[in-house]
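Overview (structure and organization)
Listed below, chain by chain, are the residues.
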Amino acid sequence: MSSSRIEISKVLAAPAIGEQVYLKGWVRAFRSNRFIALNDGSTFDNIQVVVDFEQLPEDLLAKVSFHACVAVKGKLVESQGKGQSVEVIAEELEILGTNNPEEYKLQPKRQTMEFLREQAQFRMRTNTFSAVFRIRHGLAYAVHKYYHDRGFYYMHTPIITGSDAEGAGEMFHVSTLDPANTPKDDQGKVDYSQDFFGKATNLTVSGQLQAEIGALALGKVYTFGPTFRAENSNTSRHLAEFWMIEPEMAFFDINDDMDLAEDFTKYLITYILENYPKDLEFLDKRIQDLEKQMKSELRRPMGLIDTLKFVVENDFERITYTEAINILLSSKPHKKGKFKFPIEWGSDLQSEHERWLVEKKFKKPVIVRDYPKDIKAFYMRQNDDGKTVAAMDVLFPGIGELIGGSQREERLDKLTKRMEEMDIPEEELSWYLDLRKFGGAPHSGFGLGFERMVLFLTGMGNIRDVIPFPRTPGNAEY
Ligand code: 4AD
Ligand code: MG
């Protein structure tokens, strides 16, 4: 076959009826030995290819099986059948990649997400995963567009670093020392001065501290890169390797920071609503089909697209941590002892509390601010009450925490005192303290978990299904 191949998205966007087309793609279905649903990934839609028995040999047709790769040449015509407006009458067919249905693990029927996770080399060929990963792409593009259009600079922060920005100690070490034979110092501890970088290093948990350098020079910057956390939480919301977007802005206070977080998330949702309607419609219907089998109280209150629109159209609720605790203390599930974790001023809100606030109490995204300083990182700006810091978390329906951010402590004396209280040696972060000593400024920022946003936009139930190759405790396949 010669002449040039055209993508299915282009054929369907402007069908040239009566013209020859040359398509390549994967067989999504082969009905009645006559109708091939062909998909090449360029759009959610398949194109129907009608096979002409007279022209195509039987042994060739025998090779047209589920997810085989084929090339088709034929005439584009208006479709006689229901479900599609145009179809291709195949005159030539070539098998580019055969598929042995007996050995191939995927089947043309609904399969569990757990099973498909083990078939990550194939799962992108399914309707669900191709929709998810097209949306994931669109979201990444929208992130860059949002910040570029508003005068932010994209900043690349290091992946290998010596600092633990969040102070949570959940780091993966990076070392070239022989683990069976590490050099030791006088005290018998591993001597990292002999390691590759001459000191102990780890994969970054956040690009924030370095982004602050950018903000205090370029004004507004953002990072968008992989981050790594060795937290042993096997939940549907945690990955050991995930992507984070971290804007950091000079002269922004905590209120400006919350305004940006709300505007940013609404923009991202609007962008996907406008640009990926077919993928969203499919995912919406998928959830409704799944929920038909569930008890009514487990079903989501609204469909996917309606939820997305609702979030865009309504103001986020904004409350303080102290208000959140009081609301939770007087809540029904608390009084009835339904919450697993205790509610008391000073402890962190657990996911069950966050989701109750968002899904039951306010029924929309909630921004909680002014958390107790003892449950937050060292860099957050201390409030005048001496007990809380200018932190803010954005909580989303079905997700819980989507964003964590704060105004940063710009006052040198307060920052060094807090570091001392938290046993963070000044020498390790002298460059960070320099930003307070020389030309410092009030500034703020936040981090948005990219996969949690994809989870919200696609309505998928598990974060492992919105990243191509999930890394979780006990799993680093592919
Ligand atoms: O709240 P976190 O830990 O905040 C920071 O890292 C700050 N340095 C951000 C900043 O102010 N620049 O993480 C930010 C977000 C969370 O709200 C969550 O959405 C996501 O990152 N996140 C995870 N996503 C998937 N898997 C994990 N293990 C995650 N840990 C955090
Ligand atoms: Mg957080």
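Treat the numbers as computed from the prediction; the structure is a model and nothing was measured. For every chain, the first residue of the written sequence is number 1, and numbering continues from 1 along that sequence. Here every chain gets a letter starting at A, and every ligand a number starting at 1, in the order they are written. It should be noted that, the model being predicted, local features are given only for residues of pLDDT at least 70 and side-chain atom pairs only at 80 or more, the latter also being counted only at that level, while totals for whole chains, interfaces and linings use all residues. Excluded from the side-chain calculation are hydrogens and water; included are all heavy atoms of the structure.

Any two strands with at least two DSSP bridges between them are considered paired. Secondary structure is summarised from DSSP: a helix means a run of H or I of at least four residues, a strand means a run of E of at least two, and numbering begins at the N terminus for each. The sheet built from 8 strands is open, its strands ordered E6-E10-E11-E16-E15-E14-E13-E12 with mixed pairing. Each having just a single partner strand, strand E6 (153-154) and strand E12 (317-320) make up the two edges of the open sheet. Where strand E14 (residues 388-396) and strand E15 (residues 400-407) come together, 6 bridges link them in antiparallel fashion. Bridging from a neighbouring strand, Asp-393 pairs with Gly-404 of E15.

Next up on the list: the site of ligand 1. Put simply, a residue is near a molecule or strand once any heavy atom of it comes within 4 Å of that molecule or strand. Close contacts around ligand 1 come from 24 residues, with Glu-166, Gln-208, Arg-229, Glu-246 and Glu-401 the closest. Any N or O atom pair separated by 3.5 Å or less is treated as a polar contact, with the protein-specific requirement of one donor-capable and one acceptor-capable atom, and with residues adjacent in sequence counted only for side-chain atom pairs. At 2.7 Å from a nitrogen atom of ligand 1 is found a side-chain nitrogen or oxygen belonging to Glu-166. With respect to ligand 1, the backbone of Leu-239 contributes an N or O atom lying 2.9 Å from a nitrogen atom. All accessible-area figures derive from a Shrake-Rupley calculation using a 1.4 Å probe, and residue coverage is judged against the displayed protein chains alone. The fraction of the free accessible surface of ligand 1 (630 Å²) that becomes covered by protein chains is 93%. Contributing elements (two or more residues each) for the shell around ligand 1: strand E11 (241-250), E15 and strand E16 (443-449). Among the residues forming the shell around ligand 1, the class breakdown is 8 nonpolar, 8 polar and 8 charged. Side-chain classes follow a simple rule in which Ala, Val, Leu, Ile, Met, Phe, Trp, Tyr, Cys and Pro form the nonpolar group, Asp, Glu, Lys and Arg form the charged group, and the remainder, Gly included, forms the polar group.

Working note: regular strand, side chains alternate between the two faces of the sheet. The buried fraction of strand E2 (residues 35-39) is high, at 4 of 5 residues. Bridge analysis of strand E1 (residues 20-31) against E2 gives 5 bridges, and the strand direction is antiparallel. Bridging from a neighbouring strand, Trp-26 pairs with Asn-39 of E2. As consecutive antiparallel partners, E1 and E2 are separated by 3 residues, and within that stretch Ser-32 has a phi angle of approximately 50 degrees, a positive value. Type-normalised accessible area, obtained with a 1.4 Å probe on protein chains alone, sets the label of each residue: buried when under 20%, exposed when over 50%, and partly exposed for intermediate values.

It is worth spelling out helix H13 (residues 430-437) at this point. Along H13, the residues that are buried comprise Tyr-432, Leu-433, Leu-435 and Arg-436. The arc that holds every buried residue of H13, seen down its axis, measures 140 degrees, which confines them to one face. We call two residues contacting when some pair of their heavy atoms lies within 4.5 Å. On the buried face of H13, the contacting elements are helix H5 (208-218), helix H12 (412-421) and E16. Remark: Gly-439 follows H13 within two positions and exhibits a positive phi of approximately 70 degrees. Picture the helix axis, draw a direction to every C-beta atom, and the arc is the one those directions span.

With that out of the way, let us pick up the side chain of Gln-48. Residue position: Gln-48 is located in strand E3 (residues 47-51). Separated by 3.3 Å, the side chains of Gln-48 and Arg-31 make a polar contact. Within the structure, the side chain of Gln-48 is placed 3.1 Å from the side chain of Glu-87, a separation counted as a polar contact. Discounting chain neighbours no more than four positions away, the residues touching Gln-48 are Arg-31, Phe-35, Ile-36, Gln-84, Glu-87 and Val-88.

Here we take up the nonpolar core. Put simply, a nonpolar core is a bunch of buried Ala, Val, Leu, Ile, Met, Phe, Trp, Tyr and Cys residues held in one set by side-chain atoms that sit within 4.5 Å of each other. Formed by 64 residues in total, the largest nonpolar core has its most connected members in Tyr-147, Phe-264, Ile-269, Met-392 and Phe-396. Considering each element in turn, this core owes the most residues, 11 residues, to helix H6 (residues 254-275). Ignoring any residue separated from it by four or fewer positions in sequence, one finds Phe-264 in contact with Val-143, Tyr-146, Tyr-147, Ile-245, Phe-446 and Leu-448. Tyr-321, Ala-324, Ile-325 and Met-380 belong to the second-largest nonpolar core, a separate cluster that totals 34 residues.

Of note, Asn-33 is a non-glycine position whose phi angle comes to about 55 degrees, a positive value. Inspection of the secondary structure puts Asn-33 in the loop between E1 and E2. In this structure, Asp-423 takes a positive phi of about 60 degrees despite not being glycine. Of note, Asp-423 is situated in the loop between H12 and H13.

Attention now goes to the pattern of salt bridges. The term salt bridge refers to a pairing of a side-chain nitrogen on Lys or Arg with a carboxyl oxygen on Asp or Glu at a separation within 4 Å. If you walk through the whole model with that rule in mind, you get 25 salt bridges. Among the ionic pairs, Glu-291 bridges to Arg-300, the shortest N-O distance being 3.2 Å. Among the residues examined, Glu-291 registers a relative accessible area of 9% and is labelled buried. Across the salt bridge formed by Lys-417 and Glu-421, the nearest N and O atoms sit 3.3 Å from each other. Placement of the pair is Lys-417 and Glu-421 together in helix H12, with a separation of 4 residues, close to one helical turn. Residue Lys-417 is classed as exposed on the basis of its relative accessible area of 54%. Each of the salt bridges in this network shares a partner with another, and the network as a whole consists of Asp-259, Glu-262, Lys-266 and Arg-318.

Distances and angles like these do not, on their own, reveal function.
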